[in-house]
Amino acid sequence: MTGERATGPPRRDTPRRTARAGALRRVAAAAGGVLAAAAALGAAELAAGVLGRATASPLLAVGAGFIDLTPMWLKDLAIRRFGDDDKTVLLIGLAAGVTIAALVLGLVSRRRPAWSLAGLAAFGAVGIAAALTRPTARLADAVPSAVGALVGMAALTLLIRSARSAERKAVRGPQLEAEGLDPELPGGPKRRPQDERTGLPTARRQVLLTGAGVAGVAAVGGVAGRLLLRRGDVSSVRAGLRLPRPAGPARPVPAGAQVQAPGMTPFRTSSKDFYRVDTALVLPRVDPRAWTLRIHGMVARPVELSFDDLLRQALVERDITLACVSNQVGGDLAGNARWLGAPLAPLLRRAGILGGADQILSRSSDGMTLSTPIETILDGRDALLALGMNGEPLPIAHGFPARMVVPGLYGYVSATKWVVDLKVTRFATDQAYWTKRGYAPRAPIKTFSRIDVPKPLATVKAGRVAVAGTAWAQHRGVDAVEWQADDGPWRPARLAPVPGLDTWRQWIAEWDAAPGSHTLRCRATDGTGRTQLEHRAPPSPDGATGWHSVVITVT
Ligand SMILES: Nc1nc2c(c(=O)[nH]1)N[C@H]1C(S)=C(S)[C@@H](COP(=O)(O)O)O[C@H]1N2
Ligand SMILES: [Mo]
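Since we're looking at a predicted model, the values are computed, not measured. (Residues numbered from 1 in each chain as written. Chains lettered and ligands numbered in written order. Predicted model: local features only at pLDDT ≥ 70, side-chain atom pairs only at ≥ 80, totals over all residues. Heavy atoms only, no water.)

Colleague: Mind laying out the site of ligand 1, listing which residues take part and the relevant values?
Modeller: Residues in contact with ligand 1 amount to 18 residues; listed here are only the nearest, Tyr-275, Thr-279, His-398, Arg-403 and Lys-417. One of the backbone nitrogen or oxygen atoms of Val-277 is found 3.1 Å away from an oxygen atom of ligand 1. Between ligand 1 and Thr-279 there is a distance of 3.0 Å, counted from an oxygen atom to a backbone nitrogen or oxygen. Protein contacts shield 99% of the accessible area of ligand 1, which totals 530 Å² for the unbound molecule. Within the shell around ligand 1, the residues separate by chemical class into eight nonpolar, five polar and five charged. (Near = heavy atom within 4 Å. Polar contact = N/O pair within 3.5 Å; in protein donor to acceptor, adjacent residues only side chain to side chain. Areas by Shrake-Rupley, 256 points an atom, 1.4 Å probe, with all protein chains shown as cover. Nonpolar A, V, L, I, M, F, W, Y, C, P; charged D, E, K, R; others polar.)

And the structure:
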């Protein structure tokens, strides 16, 4: 019964109780920092949703800025360690950093509320700077971070105030209550009716209510913002698209293109297994009804193409293997798909290329730029403006509604996803994104071969063992693959047939394996007679070299 304590002797705070109360207050303060930060991010998300600008959401803008500033070695490391999950890892890291900063701000807010408010304002400024320096930024993109910072500051102020008043009451309350006075009535302590003095002390309840309110703002803002951002979703538009039949069908893939060995890589990569490499933290959602491709720069007649115009071109279907410059010796950042698209050469010729131009600087809807030598588009190879992949519209992650595909060049100098702009220019005039970060401006794919089976560190039975793998030298073709066990002689592998020069090529050999530990090696020779380099070089600046080897155990 509360009445009993009210008439008892005034409660004296023991040192232990004081220590416990202090710890509790610090925890509450730290939690307040996290709640205020959550409210800030939730409000910012809502503002981004209202604006329909995912790239202006502070976490995503800062993450994207981070990607742009990431040095080469770290980017290669991230791709090597995390592959397609590199962006998830980045976002988790960012969220962890924000949480720690928020805890610190909360703790600081107990003694120095002005500092913690200034801290929130500083985070807002970082968000604004990140959003405004995106290549596709508009002035309005500053709004989400600004709104977030203001809401966060307001939330933190409320939380500090309610905590302070609770602390004051915790000190004065017991004495006043002992005298039968209510410390929490407005206008100072007054006597209050006995029946109201029940339940949780109202001061602490008020802190909890404020905290819950702030958490509510965070959750509602975050969820509503996410829902609003889905307005821009183009999956249903994509699902409703019917692709025209190609005027130029693909050459049939020869029956033996797939070598028969358990665990072997499929000759055609399904779209869902196709590697993905790009800098997009938020996938661009480009509506084909609003999409246009501009061809301009050093041309006689600038061209603007709509998606309907693209569908009306004489489309061709081609099997082409893409490869990433970040692929390491033995790596799997490559995939072979059947692309449907319009040949790029006639489109460029329609615009009329002026003398002196040697580069196509392509640009995506998210502001990425890639440099492609003009001669590789005009020399008769199947350089495509692709809109279909493996019989379907391009998946959103692979460039919907349109991307470039140029056989023989690494992706970063040819395979522009979500492409919206082609500028005819010169290498001396314009530098693309990765060139500014130390990669070569031109990068033909280097001859590559790898052993797919047996897998590294596998254990196999002595006797006849199938050794098989994949080799590529797009647009030059693979003319030979040799393999070697330990330091034995180099022996030719059997090459599988291919539909043309632009896909990878599988190979297989039979090995009479004796018990023990063995090293298998392979190397390919391309259509110009040049053999893959033995020398190990890293992916930057223009693609890795070196012979692939695997160590296995034979029992
Ligand atoms: N818009 C855009 N296009 C891009 C990139 C990018 O970051 N943004 N990355 C390029 C790189 S480095 C590669 S290897 C290929 C990968 O294409 P994929 O993801 O469809 O396999 O896309 C290229 N096109
Ligand atoms: Mo790449």
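Still to come is the rest of the account.
Colleague: Which residues make up the nonpolar core, and what are the values?
Modeller: Ranked by size, the top nonpolar core spans 75 residues in total, and within it Ile-295, Leu-310, Trp-339, Leu-385 and Tyr-412 carry the most contacts. In terms of nonpolar packing, the next biggest core, distinct from the first, is built from 22 residues, Trp-511, Leu-520, Cys-522 and Ile-552 among them. (Core = buried A, V, L, I, M, F, W, Y, C linked by side-chain atoms within 4.5 Å. Buried < 20%, exposed > 50% of the residue type's maximum accessible area, 1.4 Å probe, protein only.)

Colleague: Describe the side chain of Arg-134, and please don't skip the residues or the numbers.
Modeller: Considering the arrangement of structural elements, one finds Arg-134 in the loop between helix H6 (113-132) and helix H7 (143-178). The class of Arg-134 is buried, set by a relative accessible area of 13%. Among the polar contacts listed, one links the side chain of Arg-134 to the side chain of Asp-68, at a separation of 2.4 Å. Apart from the residues lying within four places of it in its own chain, the contact partners of Arg-134 are Thr-55, Ala-61, Ala-64, Gly-65 and Asp-68. (Helix = DSSP H or I, 4+ residues; strand = E, 2+ residues; numbered from the N terminus. Contact = heavy atoms within 4.5 Å.)

Colleague: Go over the pattern of salt bridges with me, naming the residues and quoting the values.
Modeller: Applying the stated criterion across every chain, the model contains 23 salt bridges. Arg-450 is the partner of Asp-452 in a salt bridge, and the nearest nitrogen-oxygen pair spans 2.6 Å. With respect to class, Asp-452 is no different from Arg-450; both count as buried. Several salt bridges converge on common partners, so that one network encompasses Asp-86, Lys-87, Arg-276, Asp-278 and Lys-417. (Salt bridge = Lys/Arg side-chain N within 4 Å of Asp/Glu carboxyl O.)

Colleague: Could you give an account of the domain arrangement of the chain, with specific residues and numbers?
Modeller: The assigned domain composition of the chain is domain 1 (15-192 + 199-231), domain 2 (292-436) and domain 3 (448-554). Taken residue by residue, the interface counts 22 residues in domain 2 and 19 residues in domain 3. Carbon and sulfur atoms make up 61% of the surface buried where domain 2 meets domain 3, a total of about 1600 Å² over both sides. On inspection of domain 2 and its partner domain 3, the count reaches zero salt bridges. For the pair domain 2 and domain 3, the interface holds four residue pairs in polar contact (both at pLDDT 80 or more). Elements that contribute at least two residues to the side of domain 2 that touches domain 3 include exactly strand S3 (316-323) and strand S4 (334-343). Tallying contributions element by element places S3 first for the side of domain 2 that touches domain 3, with five residues. Residues belonging to the side of domain 2 that touches domain 3 are distributed by class as follows: nine nonpolar, nine polar and four charged. (Domains from an automatic or database assignment. Buried area = accessible area lost by both parts, 1.4 Å probe.)

Colleague: Account for unusual backbone geometry, naming residues and giving values.
Modeller: Of the consecutive residues Phe-400 and Pro-401, the connecting peptide bond is found in the cis state with omega at 5 degrees. By the secondary structure assignment, Pro-401 is in the loop between strand S8 (392-393) and strand S9 (403-405). Backbone torsion omega between Val-453 and Pro-454 reads -5 degrees, so that peptide bond is classified as cis. You can see Pro-454 is positioned in the loop between strand S11 (448-453) and strand S12 (459-460). Although it is not a glycine, Trp-418 adopts a positive phi angle of roughly 50 degrees. Along the chain, Trp-418 falls in the loop between S9 and strand S10 (419-425).

Colleague: Explain the UniProt feature "domain: Oxidoreductase molybdopterin-binding" (unreviewed entry) in the chain to me, and be specific about the residues and the numbers.
Modeller: Sites flagged by UniProt as "domain: Oxidoreductase molybdopterin-binding" (unreviewed entry) map to residues 283-431. Span residues 283-431 is 13% helix and 38% strand, its end C-alpha atoms 24 Å apart. (UniProt positions renumbered as here; feature names shortened; annotations may be inferred.)

Colleague: Can you explain the packing of aromatic side chains? Please cite residues and give values.
Modeller: Under the criterion given, the structure shown has nine aromatic pairs. Ring centres 5.8 Å apart and planes at 35 degrees place the aromatic pair Trp-472 and Trp-504 in the tilted group. Of the two residues, Trp-472 sits in strand S13 (residues 463-472) while Trp-504 sits in the loop between strand S16 (494-495) and strand S17 (505-513), which places them 32 residues apart along the sequence. Exposure remark for Trp-504: the relative accessible area of 2% places this residue in the buried category. Ring pairs connect the aromatic residues Tyr-412, Tyr-433, Trp-434 and Tyr-439, which therefore count as one cluster. Directly above the aromatic system of Trp-434 lies the positively charged group of Lys-75, at a separation of 4.4 Å from the ring centroid. Over the aromatic face of Trp-490 sits the side chain of Arg-523, whose NZ or CZ is 4.0 Å from the ring centroid. (Phe/Tyr/Trp six-rings, centres within 6.5 Å; stacked < 30°, edge-to-face > 60°. Lys NZ or Arg CZ within 6 Å of the ring centre and 35° of its normal.)

Colleague: Tell me about the environment of Gln-532, and name the residues and values.
Modeller: Note on placement: Gln-532 falls in the loop between strand S18 (516-526) and strand S19 (548-554). Measuring from C-alpha to C-alpha, the distance between Gln-532 and Leu-281 comes to 35 Å, with 251 residues separating the pair along the chain. Not counting residues up to four positions away in its chain, the partners in contact with Gln-532 are Thr-447, Phe-448, Ser-449, Arg-523, Ala-524, Gly-546 and Trp-547. A polar contact of 3.1 Å, which involves the side chain of Gln-532, links it to the backbone oxygen of Gly-546.

Colleague: Residues and numbers for the confidence of the model for the chain, please.
Modeller: Atom-level detail of predicted coordinates should not be read off regions where pLDDT is low. Here the chain shows a mean pLDDT of 92. Residues at 70 or above account for 92%. Ignoring residues within four places in sequence, the model shows residues 1-8, a span with pLDDT below 50, making six contacts including any to other chains. Counting contacts from residues 193-199, a segment whose pLDDT is below 50, to residues more than four positions away or on other chains yields five contacts. (pLDDT = per-residue confidence, 0-100.)

Colleague: Any details on the environment of Leu-370? Residues and values, ideally.
Modeller: Positionally, Leu-370 belongs in strand S6 (residues 369-373). Taking the C-alpha atoms as reference, Leu-370 lies 19 Å from Ala-342; in sequence the two are 28 residues apart. Aside from chain neighbours lying at most four places away, what touches Leu-370 is Gln-359, Ile-360, Leu-361, Ser-362, Gly-411, Tyr-412, Val-413, Ser-414, Ala-415, Thr-416 and Ala-432.

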